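# Chains, contacts and geometry: an overview
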Amino acid sequence: NYNAQITDANGNVRKCKVEQLNGFKINNHAIHNIYSFSTEFPAPLLCFANGVIGNPVIRPFNWLIKENKVYFSSKPFSLPDAVTLNTFYHCANRLFSNVRLNGVQVDTCLMDYGGLFDIELPLELYLKHPDQFVSKDQVQKIETSYGVNGKSVPDTVLSMNCNIVFNGIRIDHVNIIFKPKCEKRIGYLFLRRFDHVAINNTDHALLFSGLVQAKAPENEMIYSFDFINGVFEVDSKILNNDSIQLSVGDQ
């Protein structure tokens, strides 16, 4: 047993207990040479899960997400009429790919299947290609997000909803958040737009099949809240002169 500093998706650092696991299994399949770290999850994350399986477990196998079930195998999965992306592991053993959005090349894009968003991109990319991202609706807002080590520092972002062409496939009503400083990331809410997603690590490929068209979004609320220990806390607000004067973090 030893302690290590763990950095989460927001760059927050926490010292955690680390230990080697013996007899770790998924169903009856044993996985060896696995380490875990123990930490206290922030309250909002506990609404979703009380544990996370990371890339050291995911990388040796192939995975298929289908109809709310997850399958894994030592052999790659095949999908009919699939869009295929080449993938590579990079930077803390995470899964990346190079993609095209509305004709714009987006290289080294993280496939963040733990991210509760559609797409996050650096604001610099939008400023270079404003004509390629034509929004149906867009707002500026101040927002925070949670990682395993807690809440991020409030950041002013550009949030827009637009139709995109993703590697040759038209997908409507995609929410894109442009941040002053961030990684290029495709999140879980985007991946779930497909009936089937296969992570074929042995082939270094990510497959999408069976596009589900999303409904047009409703108008975004001026404020959003976390509910923590019986208290509502503002976690984001649209920059609007007519709004009630609440700040991010107010309870």
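Cut-off values and rules
- Residues numbered from 1 in each chain as written.
- Predicted model: local features only at pLDDT ≥ 70, side-chain atom pairs only at ≥ 80, totals over all residues.
- Heavy atoms only, no water.
- Helix = DSSP H or I, 4+ residues; strand = E, 2+ residues; numbered from the N terminus.
- Rg over C-alpha atoms; globule rule 2.2 N^0.38 Å.
- Contact = heavy atoms within 4.5 Å.
- Areas by Shrake-Rupley, 256 points an atom, 1.4 Å probe, with all protein chains shown as cover.
- Core = buried A, V, L, I, M, F, W, Y, C linked by side-chain atoms within 4.5 Å.
- Buried < 20%, exposed > 50% of the residue type's maximum accessible area, 1.4 Å probe, protein only.
- Patch = residues over 30% accessible without salt bridge, like charges linked within 9 Å, V, L, I, M, F, W, Y side chains within 5 Å.
- Salt bridge = Lys/Arg side-chain N within 4 Å of Asp/Glu carboxyl O.
- pLDDT = per-residue confidence, 0-100.
- Phe/Tyr/Trp six-rings, centres within 6.5 Å; stacked < 30°, edge-to-face > 60°.
- Pairing = 2+ DSSP bridges.

### Here's the deal with the overall build of the chain
Looking only at helices and strands, one finds four helices and 21 strands in the chain. Against the 2.2 N^0.38 benchmark of 18 Å for 251 residues, the chain shows a C-alpha radius of gyration of 19 Å, consistent with a compact globule. Restricting to contacts in the chain with at least 6 residues of sequence separation, those with at least 24 account for 52%. About 14,800 Å² of surface is accessible on the chain, with carbon and sulfur atoms providing 50% of the total.

### A word on the nonpolar core
If you look at the biggest cluster of nonpolar residues, it comprises 39 residues, and the most contacted ones within it are Ile164, Phe166 and Ile176. Top contributing element to this core by residue count: strand E15 (residues 155-166), with five residues. Setting aside its immediate chain neighbours within four residues, Phe166 contacts Leu85, Val99, Arg100, Leu101, Ile171, Ile186, Phe190 and Phe208. In this structure, Leu79, Ala198, Ala205 and Leu207 belong to the second largest nonpolar core, which totals five residues.

### Quick notes on a nonpolar patch on the surface
Taken together, Phe48, Leu116 and Tyr188 make up a surface patch of nonpolar side chains, about 340 Å² in accessible area. With respect to the helices, strands and loops of the structure, Phe48 is situated in the loop between helix H1 (43-46) and helix H2 (55-58). Overall, the relative accessible area of 62% leaves Phe48 in the exposed class.

### Structural notes on the confidence of the model for the chain
Residue-level pLDDT values for the chain average 89, and 98% of them are 70 or greater. Within the chain, H1 has the poorest average pLDDT of any element, 84, and strand E11 (residues 119-122) the best, 96.

### Structural notes on the packing of aromatic side chains
Aromatic rings considered in pairs are described by the distance between their centres and by the relative angle of their planes. Scanning all chains against the criterion turns up 13 aromatic pairs. On the basis of an interplanar angle of 80 degrees and a centroid distance of 5.5 Å, the ring pair of Phe61 and Phe72 is categorised as edge-to-face. Separated by eleven residues along the polypeptide, Phe61 in the loop between H2 and strand E6 (62-66) and Phe72 in strand E7 (residues 69-73) bring together distant segments of the chain. Residue classification places Phe72 among the partly exposed positions, given a relative accessible area of 23%. Seen in terms of ring centroids, Phe88 and Phe96 are 6.1 Å apart; in terms of plane orientation they differ by 15 degrees. Their pairing is stacked. Using a relative accessible area of 2% as the deciding quantity, one classes Phe96 as buried. Through successive ring pairs, a cluster of aromatic residues spans Phe166, Phe190, Phe194 and Phe208.

### Observations regarding the pairing of strand E10 (residues 104-112)
Looking at chain direction, strand E9 (residues 94-101) and E10 are connected through five bridges and run antiparallel. Note that in E10 the partner of Arg100 across the bridge is Gln105. Counting the residues that bridge the hairpin from E9 to E10 gives two residues, and of these Asn102 lies at a positive phi of roughly 55 degrees. Pairing between E10 and strand E17 (residues 185-187): three bridges, direction parallel. Looking at the pairing, Met111 lines up with Ile186 of E17.

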